Each structure stands twice: as C-alpha cells, then as structure tokens.
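Take a look at the letters that make up each chain.
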Amino acid sequence: MNAARGTSTRPERRAIHIWAPSFRLFGGGIAAFSRELALALARQGHALTLAGRDDVPGTLLGTPLLGSGGVPARLRKGAFALRVLMLALQRRPRLIITTHVNFSPVAWLANRLLGIPYVVVAHGIDIHAGLARLRKRALRDADAVWAVSRWTQGRCVEAGVPLRRVELISNTVDEQRFDLAPTTSSLRQRYGVAPGEQVLLTVARLDPAEQYKGYDAVLKALPALQAGVGAVRYLIAGAGMDRDRIERLADALGVREWVTLCGFVQDEDLPDLYRLADVFAMPSQGEGFGIVFLEALASGTPVLGGNRDGTPDALADGELGVLVDPRDPVAIAAQLQALLERRGRELWFDPPKLRAACLAAHGRTVFSGRIEAALGAMDRRAD
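Here's what I pulled together on the structure shown here. (Residues numbered from 1 in each chain as written. Predicted model: local features only at pLDDT ≥ 70, side-chain atom pairs only at ≥ 80, totals over all residues. Heavy atoms only, no water.)

1. Observations regarding helix H10 (residues 291-298)
Selection rule: Think of it in three bands: with a 1.4 Å probe and only protein chains considered, a residue is buried below 20% of the maximum accessible area for its type, exposed above 50%, and partly exposed in between. The helix count covers DSSP runs of H or I at least four residues long, the strand count covers runs of E at least two residues long, and both are numbered beginning at the N terminus.
Counting buried positions over the eight residues of H10 gives eight, a clear majority of the element. Of all the positions in H10, only Ile291, Val292, Phe293, Leu294, Glu295, Ala296, Leu297 and Ala298 are classed as buried. Phi turns positive, to about 85°, at Gly300, one or two residues after H10.

Next comes the structure, spelled out in structure tokens:
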C-alpha cells in the first residue's frame with residue numbers, strides 16, 4: 001500500500017479476519033469455500049483469525065476457530081455480529097473478509113469506525129434485487145467483492161458494485177478427499193443399484209427454495225433416457241424438506257422405481273458415491289458456481305450441467321463437461337444418453353485426464369494464485 005514495496009506484485013503478509021457462516025459444515029458450498037480460503041491464506045503466511053457463526057469454538061488449520069454455535073439459534077445472529085465487531089476493535093486486523101453478504105454490514109461498520117478494509121465474497125443467489133438496504137450499501141462500499149463466477153459477477157454489478165472492484169475467484173476442490181480410486185460394492189447395495197444398471201447422480205440439498213438445482217429436470221428426462229439406453233438408476237443425495245414433493249413428482253412421471261433418494265450422505269462416503277456414478281447431472285438454473293461439479297470431476301466422473309448460471313465457469317465453458325439448457329428435458333435426455341454411451345469429448349471419459357484437467361483449471365494452487373492476485377489488486381488500488 002506504499003511505494004516502499006517497489007514493483008513486486010506479491011502482496012504483503014498481513015493479519016486477516018475471516019467471518020463465515022461455518023468452516024466445519026461439510027456438504028455446503030460456502031463452508032467449503034471458507035475452508036479453502038483459510039487454507040490458501042494460511043499457506044501464504046498470513047496471520048488469520050477465523051470466526052464461524054454456526055461453529056463450536058475449536059481449532060482449524062492450527063488456528064483458533066471462534067464461533068457462536070453454542071448460542072441459541074434465535075440469538076446467534078446478533079451474538080456473532082457483536083463478537084466479530086469486538087474482535088475487530090480489539091485486534092485491528094489489516095483486512096476483513098466476510099464469506100457471506102449477510103455479515104457485510106458489520107464489516108462496513110468496522111471500516112467506518114477503524115478504517116479496516118474489507119472484502120465480501122459473493123456466491124450467487126445471495127446477491128439479489130431484494131437485498132436489504134444496509135447489505136446493499138455494504139456490498140457497494142466494499143474495497144473488493146470476490147465473485148465465484150461471471151454470473152455472480154453480473155449480479156454484483158446489477159446491485160451497484162463497480163465492475164473494477166469485482167474480482168473473479170472461482171471455487172476449488174479438496175484434492176485429497178476427492179480422487180481416483182476403485183469403487184466399492186457397499187454403496188451399490190445400500191442404494192439398490194441392480195447389476196447392469198447405469199447410475200446418474202445429483203448431490204444437492206433438497207430445499208424447497210433450491211428447486212433450481214435441476215433434479216426435477218432429470219426426473220422428467222428419465223422416461224426418454226430409459227427408452228434410449230436401458231436400465232438407469234437415478235441417485236439423489238441430500239436431505240431436506242423437498243423430499244416428499246420429489247417423491248410425488250417421480251410417481252406422477254412414472255419413474256419412481258428408477259429413483260433412489262439417498263438422504264444425507266456421510267462425508268466419508270461422498271467421494272465413493274461420485275466414483276460410483278456413471279454421470280453426475282445437475283442442470284441447475286441458479287447455481288453460483290457448483291463445487292459439486294469439481295468434486296465429481298476430481299473423482300473422474302463425467303458431468304452434465306446447466307448453461308444459464310455459474311456452471312459454465314465450473315465446466316470451463318464446456319471443456320470439462322456438457323452444458324445444456326436446464327429448461328429442456330428433451331435436450332437433457334439426449335445429452336445424458338450421449339454421456340452414458342460414452343459419446344463426446346475423449347477427455348470426459350478418461351478419469352485421470354479429466355481429474356488433471358479439473359485441477360489445472362480449479363485446483364488449490366490455481367485458487368491460491370487467484371487469491372494472491374486479488375489481494376495485490378486491492379493493494380494497487382489503495383496506493
């Protein structure tokens with residue numbers, strides 16, 4: 001932030017506070033981003049203070065993890081806001097990064113009181129036209145907004161953030177958890193996958209507010225797909241209040257016998273579930289990025305996604321997987337059939353090469369480089 005650093009593009013090491021909904025929650029995209037962000041910054045040598053609203057206090061990456069997970073839910077939001085503001089007042093970090101826009105007003109207040117720069121991470125549907133006035137102001141006034149995709153970047157600009165302050169920081173993947181390995185037979189038995197059945201997989205929360213994930217579209221494509229390639233088992237992994245509606249839809253479409261609702265899948269089983277699948281399918285319409293796509297690709301599984309949200313960033317505009325109109329069940333069925341029949345780019349059906357291509361585009365080294373470049377860009381704007 002001054003000329004003494006010379007012409008180096010490497011940002012100085014600093015004390016950084018990261019505020020997140022959670023660092024420990026597995027299966028959640030924002031929590032996964034928050035963990036990977038903390039890991040990248042720790043490896044770059046920054047001194048971190050981590051605070052997760054829903055986390056129980058403990059440690060992460062050898063760093064104390066502060067949290068309000070023990071506070072009753074109705075009081076947790078306010079307790080967490082007060083806690084992180086007091087931390088900022090006491091420790092005076094060089095930078096605050098909030099991984100959810102909901103915490104941005106507190107970061108804005110710390111900036112006004114103490115002059116601490118702050119970054120807001122934007123994921124997708126969290127940035128919308130109905131954003132509360134104070135959150136919108138805090139988003140607009142942030143020193144930088146890190147958007148996980150071009151689609152999310154566009155939503156930030158629509159909310160009034162100058163484009164020059166919106167950096168693209170796409171998600172990464174836990175390379176150690178999601179890798180290539182032989183699949184086990186236990187999951188096939190658990191989820192009723194019969195011999196000879198091919199497997200489609202979607203991993204998503206079954207939240208009535210998140211029907212944009214695309215599992216309805218896959219259900220509607222199943223009859224044509226069954227007619228085209230034969231026996232297909234569709235596994236939907238995830239828990240939530242939308243389960244009963246999905247079951248009713250499957251019954252109405254006459255595909256219930258081909259569908260297994262797996263419910264909540266333990267973290268240790270998820271990598272093997274990706275490897276079990278012949279195709280991972282999530283033709284979403286409102287996904288900010290989709291870490292699940294990277295988890296599937298890193299596991300060597302071909303992927304189909306939608307072309308109307310942040311998914312093209314995850315799939316490198318179709319290099320890493322099929323992009324399809326998520327509103328078109330006929331096109332979805334045709335593209336799924338092609339993938340099951342192993343028709344398409346050679347890369348998609350070569351697990352080692354697919355994994356390598358995924359990590360070349362979205363691996364931890366690439367992610368860390370993007371974070372470092374974004375910090376450097378902030379420094380240059382401040383000079």
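2. Section: the environment of Ala194
In this structure, Ala194 sits in the loop between helix H6 (186-190) and strand E9 (198-203). Counting along the chain gives 39 residues from Ala194 to Arg233, while the straight-line C-alpha distance between them is 8.3 Å.

3. Topic: the nonpolar core
The nonpolar side chains of a soluble globular protein tend to be buried with one another. Worth spelling out the cut-off: Take the buried Ala, Val, Leu, Ile, Met, Phe, Trp, Tyr and Cys residues and link them wherever side-chain atoms come within 4.5 Å; each set so joined is a nonpolar core. Throughout, a contact is declared for two residues whenever any of their heavy atoms are within 4.5 Å.
One finds Trp146, Leu200, Leu273 and Phe280 to be the most contacted residues of the largest nonpolar core, which totals 89 residues. With seven residues, the single largest contributor to this core is helix H7 (residues 215-229). If we ignore the near neighbours within four places in the chain, the residues touching Leu273 are Leu187, Tyr191, Leu201, Leu235, Ala237 and Val265. By size, the runner-up hydrophobic cluster in this structure holds 28 residues, among which are Val101, Tyr118, Val120 and Ala159.

4. Overview of the sheet that holds E9
Formally: Should DSSP find at least two bridges between two strands, the strands are taken to pair. Every angle, taken between N-to-C directions, lies between 0 and 180 degrees, and every axis is a line fitted to C-alpha atoms, over only the stretch in contact when it is a helix.
Read across the open sheet, the six strands follow the order E11-E10-E9-E12-E13-E14; overall the sheet is parallel. Where the open sheet ends on each side, the last strands, each with one partner, are strand E11 (259-263) and strand E14 (322-324). Across the sheet, the axes of successive neighbouring strands diverge by a mean angle of 25°, strand direction being ignored. Relative to E11, strand E10 (residues 232-237) runs parallel, the two being bridged by four bridges.

5. Quick word on the side chain of Thr49
Within the secondary structure, Thr49 is located in strand E2 (residues 47-52). Among all residues touching Thr49, those that are not within four sequence positions of it are Ile16, His17, Ile18, Leu66, Leu87 and Arg91.

6. Description of the packing of H7 against helix H8 (residues 243-253)
Our working rule: An angle below 35 degrees is treated as roughly parallel, one above 145 as roughly antiparallel, one from 65 to 115 as roughly perpendicular, and anything else as oblique. Rotating anticlockwise by less than a right angle from the far helix to the near helix defines a left-handed crossing, while the corresponding clockwise rotation defines a right-handed one.
Packing of H7 against H8 brings their axes to within 10 Å, and their N-to-C directions diverge by 20°. As summarised for this structure, H7 and H8 are arranged roughly parallel, according to the angle between their axes. H7 and H8 meet at a crossing whose hand is right-handed. In this structure, H7 uses Tyr215, Asp216, Leu219, Lys220 and Pro223 to contact H8, whose residues at the interface are Arg245, Ile246, Leu249, Ala250 and Leu253.

7. Things to note about the packing of aromatic side chains
The way to describe two aromatic rings as a pair is by their centre distance and the angle between their planes. Definition in use: Here the aromatic set is Phe, Tyr and Trp, taking the six-membered ring for Trp, and pairing holds for ring centres within 6.5 Å; pairs whose planes are under 30 degrees apart are stacked, those over 60 apart are edge-to-face, and all others are tilted.
Scanning all chains against the criterion turns up six aromatic pairs. Here the aromatic rings of Phe178 and Tyr274 are separated by 5.7 Å at their centres, their planes lie at 75°, and the arrangement is edge-to-face. In this pair, Phe178 sits in the loop between strand E8 (166-168) and H6 while Tyr274 sits in helix H9 (residues 270-276), placing the two residues 96 residues apart along the sequence. Residues Tyr274 and Phe280 carry aromatic rings whose centres are separated by 5.7 Å and whose planes lie at 55° to one another, so their mutual orientation is tilted. For the pair Tyr274 and Phe280, one class covers both residues: buried. A network of ring pairs unites the aromatic residues Phe178, Tyr274, Phe280 and Phe293 as a single cluster.

8. Concerning the pairing of strand E1 (residues 15-20)
Put simply, side chains in a regular strand alternate between the two faces of the sheet. Within E1, five of the six residues are buried, which leaves it mostly tucked inside the rest of the structure. With six bridges joining them, E1 and E2 adopt parallel strand pairing. Paired with Trp19 across the two strands is Ala51, which belongs to E2. Here E1 pairs with strand E5 (residues 95-98) via four bridges, running parallel.

9. Details of the packing of helix H2 (residues 73-91) against helix H3 (residues 104-114)
The condition is simple: Residues are grouped as follows: nonpolar covers Ala, Val, Leu, Ile, Met, Phe, Trp, Tyr, Cys and Pro; charged covers Asp, Glu, Lys and Arg; every other residue, Gly included, is treated as polar.
Interhelical geometry of H2 versus H3 gives an angle of 30° and a closest axis separation of 10 Å. Judged on the interaxial angle alone, H3 and H2 are roughly parallel. Pair H2 / H3 crosses with right-handed handedness. The segment H2 lies against H3, with Ala81, Val84, Leu85, Ala88 and Leu89 engaging Val106, Leu109, Ala110 and Leu114. Residue classes in the contact of H2 with H3 are distributed as nine nonpolar, no polar and no charged.

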